[in-house]
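Chains, contacts and geometry: an overview
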Amino acid sequence: MIVVTGATGNVGRYVVDELVEAGAKICALTRDPEVARMPAGVRVARPGDLPFDGVTAVFLNPVVLWGSGPEEFLRQAVWHGVRRIVTLSSAAVVEAGPGNQIGEHHRALEVAIEATGLEWTHLRPGAFASNAGQWAGQIRAGDVVRGPYAEAQLAPIHEADIAAVAARALLADDLVGRTPVLSGPQSITQAEQVRIIGEAIGRPLRYEELSREAAREAMTGGHVSAEIADSLLTMFAASVGRPAEISPETERITGRPGRTFAQWAADHAADFS
Ligand SMILES: NC(=O)c1ccc[n+]([C@@H]2O[C@H](COP(=O)([O-])OP(=O)(O)OC[C@H]3O[C@@H](n4cnc5c(N)ncnc54)[C@H](OP(=O)(O)O)[C@@H]3O)[C@@H](O)[C@H]2O)c1
């Protein structure tokens, strides 16, 4: 049986679908099984009730370990004979530089997993296309999105493509011990992302740039820590005027071109209307 942690999440939900389609036996973890709405035949459990017995592989979303740390989870996995862990890590791991809290956090988890002696694959995606969901409230309320660094370039990846790679890593053996960096197929600015969402919902939208200070205040006033806000803002600043690197790994592993941001916006148009 394969366990999918964070099964209702941006990536986890697609991982569930990929594995169901492949005919795998899976257990989806969610804190709220009653509202999770998983496909028929999928076993659903709360993280605290994870049935490790008979589990061969785990799709591990680090957010489910926040608060507890990975030690107990990994100890249980080893004890119960889990063979493989596929980690939802981050491209920030390979982005050097001081203050890279996101990279350091994910690398620490990768190191802990490698120390278990289990088989592992660490997926290292860059920016998720679903980050654009943070603008949904502003877009539903008007035609202007306010945020930092309008010209920051990213290669947003559709979460379904991350999930396709995750499923491959869980079901086949060729990605064991690998750390594929995953990106979307195009480098686009934040302002272009907003314009593309406008096209998907049939309404012209524009991006209005906030100062770094104002953006930091808005981020930390929500549920983002000061360290993560600074880390993200520094990443954005560094990518102004610098095309984002397009990783060939997504297409090489899945065997098809990565989904574009326009595709993502079309898939999620209802979230913005
Ligand atoms: N966003 C990006 O651009 C980006 C880029 C690279 C890497 N990453 C990494 O990807 C991971 C996030 O992935 P994601 O966006 O798929 O996750 P997500 O959608 O934010 O969360 C996945 C699921 O985990 C559960 N969950 C959330 N917080 C939890 C908590 N404190 N304890 C237990 N369960 C919790 C929730 O499910 P239930 O409510 O059903 O329990 C949620 O649906 C992070 O490690 C992030 O750093 C993100």
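This text follows the structure it describes.
Conventions adopted
Residues numbered from 1 in each chain as written. Predicted model: local features only at pLDDT ≥ 70, side-chain atom pairs only at ≥ 80, totals over all residues. Heavy atoms only, no water. Pairing = 2+ DSSP bridges. Helix = DSSP H or I, 4+ residues; strand = E, 2+ residues; numbered from the N terminus. Contact = heavy atoms within 4.5 Å. Axes fitted to C-alpha atoms, helices over the stretch in contact; angles between N-to-C directions. Near = heavy atom within 4 Å. Polar contact = N/O pair within 3.5 Å; in protein donor to acceptor, adjacent residues only side chain to side chain. Areas by Shrake-Rupley, 256 points an atom, 1.4 Å probe, with all protein chains shown as cover. Nonpolar A, V, L, I, M, F, W, Y, C, P; charged D, E, K, R; others polar. Buried < 20%, exposed > 50% of the residue type's maximum accessible area, 1.4 Å probe, protein only. Right-handed = clockwise from strand over helix to strand, strands pointing away. Phe/Tyr/Trp six-rings, centres within 6.5 Å; stacked < 30°, edge-to-face > 60°. Core = buried A, V, L, I, M, F, W, Y, C linked by side-chain atoms within 4.5 Å. Salt bridge = Lys/Arg side-chain N within 4 Å of Asp/Glu carboxyl O.

1. Remarks on the sheet that holds strand S5 (residues 84-88)
Taken in spatial order, the seven strands make up an open sheet running S3-S2-S1-S4-S5-S6-S9, and their pairing is parallel. The open sheet has two edge strands with one neighbour each: strand S3 (43-45) and strand S9 (181-182). Lying on the sheet, helix H1 (residues 12-21) is in contact with strand S1 (2-4), strand S2 (26-29) and strand S4 (57-60); it crosses S1 at an angle near 155 degrees. Together, S4, S5 and strand S6 (119-125) form the strand contacts of helix H3 (residues 101-114), whose direction differs from that of S6 by roughly 165 degrees.

2. Quick word on the site of the ligand
Close to the ligand lie 20 residues; Thr8, Asn10, Thr30, Arg31 and Asn131 are nearest. Within the side chain of Thr8, an N or O atom sits 2.7 Å from an oxygen atom of the ligand. In this structure, Arg31 approaches the ligand through a main-chain N or O atom, which is 2.8 Å from an oxygen atom. Within the complex, the protein chains bury 75% of what would otherwise be the 920 Å² of accessible surface of the ligand. Of the residues contributing to the shell around the ligand, the split by class is eight nonpolar, eleven polar and one charged.

3. Points about the pairing of S4
Neither face of S4 is left uncovered, since the one carrying Ala57 and Phe59 and the one carrying Val58 and Leu60 both have all their residues buried. Pairing of S1 with S4 involves three bridges; the strand directions are parallel. When the bridges of S4 are listed, Val3 appears paired with Val58. In this structure, S4 lies alongside S5, joined through four bridges in parallel fashion. Bridge assignment links Leu60 to a residue of S5, and that residue is Thr87. With helix H2 (residues 71-79) bridging S4 and its parallel neighbour S5, the resulting β-α-β unit is right-handed.

4. Notes on the packing of aromatic side chains
Going through the model one piece at a time under the given rule, you end up with four aromatic pairs. Seen in terms of ring centroids, Trp135 and Tyr207 are 5.9 Å apart; in terms of plane orientation they differ by 75 degrees. Their pairing is edge-to-face. With Trp135 in the loop between S6 and helix H4 (136-141) and Tyr207 in strand S11 (residues 206-210), this pair connects stretches of sequence that are 72 residues apart. Assessed through its relative accessible area of 11%, Tyr207 is described here as buried.

5. Overview of the nonpolar core
Core analysis: the biggest nonpolar cluster contains 28 residues, and Val15, Val16, Leu19, Phe59, Leu123 and Leu170 have the highest contact counts within it. For this core, the secondary structure elements donating two or more residues are S1, H1, S2, S4, S5 and helix H5 (159-171). Tallying contributions element by element places H5 first for this core, with seven residues. In this structure Leu19 touches Ile2, Val4, Ala24, Ile26, Ala167, Leu170 and Leu171, once residues within four positions along its chain are discounted.

6. Quick look at the pattern of salt bridges
Across all of its chains, the model carries 17 salt bridges by this definition. For Arg124, the salt bridge identified is with Glu110, shortest N-O distance 2.6 Å. Separated by 14 residues along the polypeptide, Arg124 in strand S6 and Glu110 in helix H3 bring together distant segments of the chain. Both residues of the pair, Arg124 and Glu110, belong to the buried class. Between Glu249 and Arg252 there is a salt bridge whose closest N-O contact spans 3.3 Å. Placement of both Glu249 and Arg252 in helix H9 (residues 249-254) is noted, with a separation of three residues, approximately one turn of the helix. Residue classification places Glu249 among the buried residues on the basis of a relative accessible area of 16%. Each of Arg107, Glu110, Glu114 and Arg124 takes part in a single network of salt bridges with overlapping partners.

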